[in-house]
Amino acid sequence: MNYIPHTEEQTRQMLEAIGVSSIDELFDGIKPELRPKSFNIPQSLSEQEVISRLSRIAQKNIVSLKNFLGAGFYDHYIPAAVDMMAGRSEFYTAYTPYQAECSQGWLQAIYEYQSMICQLTGMDCANSSLYDGGTAIYEAAMMAIRATGRTKIIMDSGLNMIYRTMLYTYMSNLNIEFVETPVIHGQSCREEIFRYLDEKTAAVVTQNPNFFGAVDDHSDIAQKAHSVGALSIISVYPVSLGMLKTPAEMGADIATGEGQSLGMPLSFGGPYLGFIACKQALTRKMPGRIVGAGTDREGRRGFVLTLQAREQHIRRERATSNICSNEALCALRAGIYLSLLGKTGMEELARLNYDKCEYAKDCVEKIPGLKVKRSSPTFNEFTIALPRNADVVVEKMIDKGFAPGFPLGKFYKGMNNYLLVAVTEKRTKEDIEQFVQALEKVL
Amino acid sequence: MKLIFEKSVKSRTGFSLPAPDVPRKKDIGIRYARNHGAFLPEVSELDVVRHYTNLSRMNFSVDNNFYPLGSCTMKYNPKFTEKIACMEGFSGLHPLIPQLLGGGRLSQGALEVLYNMEKLLCEITGMAAFTMQPLAGAHGELTGIMLIAAYHKNKGRRRRCVIVPDSSHGTNPASAAIAGYDVKVIKTGPDGCMDMRQFKDSLSEDMAAVMLTCPNTLGIFNPAIKEITDIAHSAGALVYYDGANLNAIMGKCRPGDLGFDLVHLNLHKTFATPHGGGGPGAGPVGVASQLVDFLPVSRVMKRPAGAFYLEYNNPKSIGYIAPFYGNFAVILKAYAYILILGREGLIKASEYAVLNANYCMCRLKQYYDVAYGKRCMHECVLSAQRQSENGVKALDIAKFLIDRGFHPPTIYFPLIVREAMMIEPTETESKETLDEFIEAMIEAAELARRDANKFHDMPVTTPVSRMDEVKAARELDLCWRPSAGARPLSPSPGKACPLQTYE
């Protein structure tokens with residue numbers, strides 16, 4: 001199967017128009033010695049065969065586990081309208097809206113998405129998406145470095161380990177100093193952050209709720225950062241913003257996050273959605289694409305890609321980033337999702353997640369020998385200390401039909417007995433109770 | 001069209017949550033609660049559906065329009081791959097499952113897809129191994145540059161310079177610069193290829209790599225490509241292949257055989273996964289054997305007994321480029337696409353992509369200047385230089401084409417061609433479509449000769465006419481805001497509660 005419509009006769013006519021006798025002749029610039037040493041690709045299959053082969057492969061993946069596994073990536077319900085609307089091929093088979101007049105649908109959708117991210121985070125300006133939550137933190141750190149002319153980044157180790165590791169990779173060839181500060185009783189250690197904060201610091205990066213699910217107020221950290229001319233970057237979990245203090249309210253200069261929870265399926269790691277939003281003063285330092293509202297010649301409102309002079313296709317090696325493709329379709333999904341939920345829906349969703357998680361905490365705590373870490377309030381995810389190795393418990397729980405959480409020993413030294421448990425609105429009271437029973441049995 | 005915010009009516013909602021089945025807990029406390037709810041739209045599900053359906057109709061897309069946007073490979077996106085990406089076994093799988101003890105056996109299908117895809121891409125490009133992690137083409141470039149840096153560092157040498165031709169995609173120099181390299185630009189010669197003398201002169205101990213697109217953005221396959229890679233190697237530099245233009249050469253040559261050390265592929269281009277209005281894409285990076293050790297962790301491996309697993313023990317690895325294993329759903333679609341096309345289908349795709357581009361070029365060359373050469377690969381670059389002397393710019397021709405129902409070609413790129421129009425028809429377009437497009441282009445050229453003023457109001461068939469981009473950039477409006485006093489702030493969920501304290 002291929003998708004080439006040409007008939008033999010048409011091919012012949014076209015070759016004639018070009019003035020060559022065969023298609024091969026079009027490739028005669030590639031000399032014989034440059035031809036492939038091999039090209040062993042299997043023969044074509046029919047659509048039916050590919051579907052059935054991949055359906056068999058899909059069945060080798062388990063999806064029947066009751067999911068209490070989060071660690072930054074959550075199993076939320078996705079309303080059917082998200083799939084249906086984002087599945088309209090007028091959206092998904094378009095490219096970046098370079099030609100504004102014939103891309104108003106996309107441009108307006110992105111402008112609305114940017115506005116929703118601003119409303120959620122309280123910030124002034126958002127871009128039209130980044131690859132994921134980790135690259136969003138990297139881009140935010142680079143923005144801070146550009147804005148301050150400084151090179152030290154202080155990172156709270158409550159920031160997802162995956163993102164911290166990514167940051168090290170990205171900046172390994174740049175002259176950047178990293179300081180990682182510890183988490184004490186689930187929260188950012190002010191003493192250590194303030195100890196390292198100085199006139200060389202470009203930014204302090206924190207996460208709320210942090211990797212342990214702990215909720216904090218980073219206002220004091222932001223304020224202290226500002227007092228030495230550094231920026232505050234806060235990575236947030238968007239669902240929590242239905243109820244939690246916004247990064248803007250804490251005084252953050254840049255807010256970032258992973259938008260997977262806003263209508264993206266888990267899909268084994270992607271595509272996901274990085275969002276980034278900042279204060280007005282930093283707008284022109286923002287990487288990636290930005291859509292702005294404006295007017296056409298008749299004075300009608302319309303939308304365009306704006307501030308393109310910062311971008312790689314114009315500025316080349318002097319661009320603020322190298323981003324070309326982003327995650328626009330995921331941003332569209334987030335826009336549709338947030339429209340469906342709306343103001344009260346987001347508040348209720350956050351509340352439901354919070355309540356379910358608190359209920360799970362109360363139930364789990366009744367298991368003898370197990371301890372729920374309660375030194376901070378948490379949002380839809382919490383840490384428990386098990387009487388034995390968490391990896392082993394996880395393995396046994398899988399056999400009982402649960403993905404019970406993330407064993408923290410993988411990311412944090414000395415935490416081999418700790419398990420990070422997430423509860424979203426998809427888990428019913430019954431699920432939670434069965435989870436607790438199973439956990440009690442395997443311990 | 002109204003913004004969705006402007007359709008908002010207080011207390012309306014388009015979503016229903018399950019009734020709470022657990023007790024309502026004490027509020028989290030004022031210290032941690034937001035001051036007021038986010039001003040998100042308050043609309044019904046029908047409002048949302050109608051809004052986005054109508055927005056979708058205000059777009060050009062491959063499924064509506066011929067979309068010959070050069071260097072973007074806007075080919076037809078087969079529909080069956082969407083169905084596969086939605087299979088619960090793939091879409092519902094948590095990425096951390098294989099990282100749990102005993103979780104590997106529960107995600108064998110996903111790991112198999114990644115493993116098989118790696119093998120296919122290796123064979124298509126002639127590389128030794130691939131990482132699926134990079135989330136877009138430019139992200140792949142950045143990954144490639146980091147691999148280059150790690151390679152040189154491992155050899156104990158510090159090289160600070162990356163060479164790119166002036167015809168390169170803007171992402172090439174941007175990626176090199178962002179990874180910390182100085183960029184050295186080489187001019188294009190009269191044959192449309194990198195100037196060999198300047199290239200040779202620029203070789204030094206400081207050169208870490210050369211980044212090339214082949215065929216390049218002028219649509220030209222450099223016959224001296226092997227010589228270039230040999231020269232670079234003799235100077236101890238690596239050669240990076242920007243795979244954005246791979247659609248021209250499948251089965252005709254392979255970057256690995258040409259001496260390239262690294263290659264990124266744009267799965268959303270060559271392998272027909274939809275571009276999604278600007279993403280998600282996927283930009284896997286392939287490397288020759290001397291670079292395999294530096295690839296990002298994790299890597300999918302296969303045990304002799306046939307089970308797949310994730311390997312994290314790579315001491316020389318550059319680390320994590322993405323949180324997990326790449327844009328999995330995109331990789332999956334590309335995998336299905338390669339399976340359905342098969343060997344002959346891939347070769348044919350390139351053949352007909354090149355046929356279509358040459359056909360467009362040959363039929364238009366008497367009406368427009370052709371930048372370089374008499375033959376092109378999968379895309380051709382024309383110039384509206386002649387028309388611009390009459391006051392009709394490439395931009396005006398683009399707007400003319402919109403009124404005719406065609407998405408315009410890429411304009412003003414590559415930067416080295418004045419009034420450039422870069423046409424990439426792809427193999428999936430029929431002769432009829434190409435003929436209609438060619439007729440429209442000819443008509444534009446004739447109108448430019450006769451009556452240049454006619455262009456200035458175009459397009460007239462679209463929801464808006466030409467936008468004032470200068471004003472939009474000067475008076476930035478990037479975010480809708482509720483007008484002052486329009487709606488009262490809602491009470492905070494936790495306002496009345498005292499601070500909650502724990503142990």
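Right, let's walk through the structure included here. (Residues numbered from 1 in each chain as written. Chains lettered and ligands numbered in written order. Predicted model: local features only at pLDDT ≥ 70, side-chain atom pairs only at ≥ 80, totals over all residues. Heavy atoms only, no water.)

1. Considering the pattern of salt bridges
Opposite charge on two side chains makes pairing possible when the charged atoms of those side chains draw close.
Residues and elements named next belong to chain B.
Right, on to step 1. Applying the stated criterion across every chain, the model contains 56 salt bridges over all chains.
Right, on to step 2. The salt bridge involving arginine 24 is made with aspartate 27; its shortest N-O contact spans 3.8 Å.
Right, on to step 3. Assessed through its relative accessible area of 60%, arginine 24 is described here as exposed.
Right, on to step 4. Its relative accessible area of 13% is what places aspartate 27 among the buried residues. (Salt bridge = Lys/Arg side-chain N within 4 Å of Asp/Glu carboxyl O. Buried < 20%, exposed > 50% of the residue type's maximum accessible area, 1.4 Å probe, protein only.)

2. Description of the packing of aromatic side chains
Residue and element names in this part refer to chain A.
Right, on to step 1. Evaluation of the coordinates by the stated rule reveals 33 aromatic pairs over all chains.
Right, on to step 2. Taking the centre distance of 5.4 Å and the plane angle of 75° together, the rings of phenylalanine 91 and tryptophan 106 count as edge-to-face. Of this pair, phenylalanine 91 sits in helix α5 (residues 89-92) while tryptophan 106 is found in helix α6 (residues 104-121), placing the two residues 15 residues apart along the sequence. For the residue pair phenylalanine 91 and tryptophan 106, the accessibility class agrees, reading buried in each case. (Phe/Tyr/Trp six-rings, centres within 6.5 Å; stacked < 30°, edge-to-face > 60°. Helix = DSSP H or I, 4+ residues; strand = E, 2+ residues; numbered from the N terminus.)

3. Focus on helix α1 (residues 45-56) of chain B
Right, on to step 1. In this model α1(B) runs 16 Å from its N-terminal to its C-terminal C-alpha over 12 residues, within 8% of the 16 Å that 1.5 Å per residue would give.
Right, on to step 2. Taken as a whole, α1(B) has its buried residues at B:Val48, B:His51, B:Tyr52, B:Thr53, B:Leu55 and B:Ser56.
Right, on to step 3. Along its buried surface, α1(B) packs onto α4 (80-86), α5, α6 and α12 (328-365) of chain A. (Expected span 1.5 Å × (residues − 1). Contact = heavy atoms within 4.5 Å.)

4. Remarks on the interface of chain B and chain A
Right, on to step 1. If you look at the interface, chain B gives 218 residues, while chain A gives 199 residues.
Right, on to step 2. Viewed at the interface, chain A and chain B are joined by 11 salt bridges.
Right, on to step 3. Two residues, B:Arg105 and A:Asp399, come together in a salt bridge whose shortest N-O distance is 3.4 Å.
Right, on to step 4. At the junction of chain B with chain A, the criterion picks out 97 residue pairs in polar contact (both at pLDDT 80 or more).
Right, on to step 5. When the residues that make up the side of chain B that touches chain A are grouped by side-chain class, the tally is 120 nonpolar, 53 polar and 45 charged. (Polar contact = N/O pair within 3.5 Å; in protein donor to acceptor, adjacent residues only side chain to side chain. Nonpolar A, V, L, I, M, F, W, Y, C, P; charged D, E, K, R; others polar.)

5. Overview of helix α14 (residues 429-442) of chain A
All names here are of chain A.
Right, on to step 1. The end-to-end C-alpha distance of α14, which contains 14 residues, comes to 20 Å, matching closely the 20 Å that a straight helix rising 1.5 Å per residue would cover.
Right, on to step 2. Three or more residues of α14 are buried, namely Asp431, Ile432, Phe435, Val436, Ala438, Leu439 and Val442. Take α14 and look down its axis: the buried residues cluster within an arc of 165°, on one side only. In α14, those exposed residues whose orientation departs by more than 90 degrees from the buried face are Glu430 and Lys441.
Right, on to step 3. Among the structural elements, β1 (66-67), α12, β14 (381-385), α13 (390-399), β15 (402-403) and β17 (418-422) are those in contact with the buried residues of α14. (Arc of directions from axis to C-beta.)

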